[in-house]
Amino acid sequence: MKILVTVKRVIDYNVKVRVKADTASVDLSNVKMSINPFCEIAVEEAVRLKEQGIATEIVVVSVGPSAAQEQLRTALALGADRAILVETGGELSSLAVAKLLKAVVDQEQPQLVILGKQAIDTDNNQTGQMLAALTGFAQGTFASAVAVAGDKLNVTREVDGGLQTVALPLPAIVTTDLRLNEPRYASLPNIMKAKKKPLTVVTPAELGVSTASTLHTLKVEAPATRQAGIRVNSVAELLNCLKNEAQVI
Ligand code: AMP
């Protein structure tokens, strides 16, 4: 089974995001960038399927600037076999990303595509679903367990009411939830080996996809700073504060 895994370069989750003074975007200068955490889970799941002898090849793909090669190299160090960078500049809508990924799916013909459930920078939670619509593949979103059963893929999904298991025909699309697995760290020898693994760079034009976007960010604002909490000494004082200061009861 050939698996395609998508990897997005995002601001590291430990970084406190700063908004630029002109409020046009967030400040990316000298900021640590990493693989989106849900994409790391996607890579880990593919590597586990390869270790079980189910997957034969893992191809990782990223859509973004040349610097995203850094995140692709990390994915190669984690166990992927080959990487593709679709090099783009500027802001892309999820639909534009999904169309580019569809073109890569058409070229690579994977039996399984694993994406993160969402990217932690834009929090869109839609690229996997859009890719499923464009490819016509079955989809299992918010996966907390994935198991191959014959020619089907059983995906346990985290839904509002608990867990739901769906049996998907292949080829299929899976998006990862937090509890699917705990990603490994790349070892130093594997980081060295990853430098020699193949990484191809393609442009949207070469894939025959227009990335003309209808998406335009008007303004970015930091969330309002929260006031510090206070300690109260009695239930009566708590009720008084809730009633007269917070005015919520
Ligand atoms: P989103 O719909 O933007 O929240 O992203 C969901 C998932 O789609 C991410 O976790 C990635 O796996 C994939 N994805 C989104 N944007 C990109 C990108 N520019 N390059 C590679 N994968 C992406």
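Reading the values: rules and limits
- All chains use their own residue numbering, which begins from 1 and follows the written sequence.
- For a predicted model such as this one, the threshold for reporting local features is a pLDDT of at least 70, and the threshold for listing and counting side-chain atom pairs is 80 or more; totals across whole chains, interfaces and linings nevertheless cover every residue.
- Side-chain numbers come from the whole structure's heavy atoms, not from hydrogens or water.
- UniProt positions are given in the numbering used here, feature names are shortened, and annotations may be inferred rather than shown by experiment.
- Strand pairing follows a simple DSSP-based rule, namely that at least 2 bridges must link the two strands.
- Going along the chain from the N terminus, every DSSP run of H or I of four or more residues is numbered as a helix, and every run of E of two or more is numbered as a strand.
- Angles here are taken between N-to-C directions and fall from 0 to 180 degrees, while the axes themselves are lines fitted to C-alpha atoms, restricted in helices to the stretch in contact.
- Exposure classes here rest on a 1.4 Å probe applied to the protein chains alone. A residue is buried below 20% of its type maximum, exposed above 50%, and partly exposed in between.
- Note that the arc is defined by the directions from the helix axis to the C-beta atoms.
- Residue contacts are counted whenever heavy atoms from the two residues lie within 4.5 Å of one another.
- Each salt bridge in this description consists of a side-chain nitrogen of Lys or Arg and a carboxyl oxygen of Asp or Glu lying within 4 Å of one another.

In the nomenclature of an unreviewed UniProt entry, the protein chain corresponds to Electron transfer flavoprotein subunit beta from the organism Proteobacteria bacterium 228. The record held by UniProt for the protein chain lists under Sequence similarities (unreviewed entry) the comment "Belongs to the ETF beta-subunit/FixA family."

Asker: What's the story with the sheet that holds strand β6 (residues 112-116) in this structure? I'm lost.
Answerer: Backbone-to-backbone hydrogen bonds pair the strands of a sheet. The strands run either parallel or antiparallel. In spatial order, the strands read β9-β8-β7-β10-β6-β1-β4-β5-β11; together these 9 strands make up an open sheet with mixed pairing. Of all the strands in the sheet, the pair left with one neighbour each is β9 (162-169) and β11 (199-202). Direction aside, the axes of adjacent strands within the sheet are offset by 30 degrees on average. Direction of pairing for strand β1 (residues 2-6) relative to strand β4 (residues 57-64): parallel, over a ladder of 5 bridges. Its bridge partner lying in β4, V5 is registered against V60.

Asker: Just checking my understanding: could you explain the environment of S29 for this structure?
Answerer: By the element assignment, S29 lies in the loop between β2 (9-11) and β3 (33-35). In sequence terms S29 and N14 are 15 residues apart; their C-alpha atoms lie 15 Å from each other.

Asker: Please explain helix α4 (residues 127-135) as it appears in this structure.
Answerer: Note on helix geometry: an α-helix contains 3.6 residues per turn, so any two residues three or four positions apart are oriented the same way. Those residues of α4 that sit buried are G128, L131, A132 and T135. Projected down its long axis, α4 carries its buried residues within an arc of 105 degrees, all on one side. Next to the buried residues of α4 lie α3 (94-108), β6, β7 (138-149) and β10 (172-176). In the segment just after α4, G136 is the residue with positive phi, at about 80 degrees.

Asker: Looking at this structure, how should I read the pattern of salt bridges?
Answerer: Pairs can form between side chains of opposite charge once their charged atoms are near each other. All chains considered together, the criterion is met by 15 salt bridges. A salt bridge links E158 to R179, with the nearest nitrogen and oxygen atoms 2.8 Å apart. Of the two residues, E158 is situated in strand β8 (residues 152-159) and R179 in the loop between β10 and α5 (188-194); the sequence distance between them amounts to 21 residues. Judged by its relative accessible area of 54%, R179 falls in the exposed class. The structure contains a network of salt bridges with shared partners spanning K2, E57, R82 and E108.

Asker: What is the right way to read unusual backbone geometry from this model?
Answerer: Excluding glycine, residues mostly carry a negative phi; peptide bonds, for their part, are mostly trans. Here the residue pair L170 and P171 is connected by a cis peptide bond, since its omega of 0 degrees sits within 30 degrees of zero. Not every positive phi belongs to a glycine, and N30 is a case in point at roughly 55 degrees. Here N30 lies in the loop between β2 and β3. The phi dihedral of Q247 falls on the positive side, at around 55 degrees, and the residue is not glycine. Judged by relative accessible area, which is 61%, Q247 ranks as exposed.

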